[in-house]
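What follows is the residue order along each chain.
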Amino acid sequence: MPAQWRVQVWLGEDTAPQACLRNVKITAETEAEALAIAARQAAEEADGETLNDGQEEVFSRTEVASGAVEHGSTAGDSKA
């Protein structure tokens, strides 16, 4: 049976209201499911891509040395 979960994300140990980055109520079966939904919502709002469970991004030593550690990045490209 679904339950209501309150998920709050705070920045550091600060308890000031402005330090609360996220405060959402989610209906889910389990705590883990509620946390997963909150994380997915945060990623969607940030327009970021999230990795699937167990998925990792792997970069070559050349990419790391050049600073191009993001896919399609021009971080190490002096022409950018």
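Above: the structure in question.
Residues numbered from 1 in each chain as written. Predicted model: local features only at pLDDT ≥ 70, side-chain atom pairs only at ≥ 80, totals over all residues. Heavy atoms only, no water.

## A closer look at the nonpolar core
So, point 1. By size, the foremost hydrophobic cluster in this structure holds 7 residues: Val7, Val24, Ile26, Ala28, Ala34, Ile37 and Ala38.
So, point 2. Listing elements by their share of this core, those giving two or more residues are strand 2 (20–28) and helix 1 (31–45).
So, point 3. With residues near it in sequence (within four places) discarded, valine 7 still touches Arg22, Asn23, Val24, Ile26, Ala34, Leu35 and Ala38. (Core = buried A, V, L, I, M, F, W, Y, C linked by side-chain atoms within 4.5 Å. Buried < 20%, exposed > 50% of the residue type's maximum accessible area, 1.4 Å probe, protein only. Helix = DSSP H or I, 4+ residues; strand = E, 2+ residues; numbered from the N terminus. Contact = heavy atoms within 4.5 Å.)

## Here's the deal with a nonpolar patch on the surface
So, point 1. Residues Val9, Leu11 and Leu21 make up a contiguous nonpolar surface patch of about 290 Å² in total accessible area.
So, point 2. As for its position among the elements, leucine 11 is in the loop between strand 1 (3–10) and strand 2. (Patch = residues over 30% accessible without salt bridge, like charges linked within 9 Å, V, L, I, M, F, W, Y side chains within 5 Å. Areas by Shrake-Rupley, 256 points an atom, 1.4 Å probe, with all protein chains shown as cover. Salt bridge = Lys/Arg side-chain N within 4 Å of Asp/Glu carboxyl O.)

## What about helix 1?
So, point 1. Taking 1.5 Å per residue, 15 residues should reach 21 Å; helix 1 reaches 21 Å between its end C-alpha atoms and fits that length.
So, point 2. Of the residues making up helix 1, those classed as buried are Ala34, Ile37, Ala38 and Ala43.
So, point 3. Buried residues in helix 1 make contact with strand 1 and strand 2. (Expected span 1.5 Å × (residues − 1).)

## A closer look at the pattern of salt bridges
So, point 1. The final tally for this structure, using the stated rule, is 1 salt bridge.
So, point 2. For the salt bridge of glutamate 45 with arginine 22, the shortest nitrogen-to-oxygen distance reads 2.8 Å. Pair noted here: glutamate 45 is in helix 1 and arginine 22 is in strand 2, with a separation of 23 residues, a long-range link.
So, point 3. We classify glutamate 45 as exposed; its relative accessible area is 59%.

## Focus: the environment of valine 24
So, point 1. Within the secondary structure layout, valine 24 lies in strand 2.
So, point 2. According to the relative accessible area criterion, valine 24 is buried, its value standing at 17%.
So, point 3. Through-space distance from the C-alpha of valine 24 to that of tryptophan 5 is 8.2 Å; in sequence the pair is 19 residues apart.
So, point 4. What valine 24 contacts, discounting residues up to four positions off in sequence, is Trp5, Arg6, Val7, Ala38 and Gln41.

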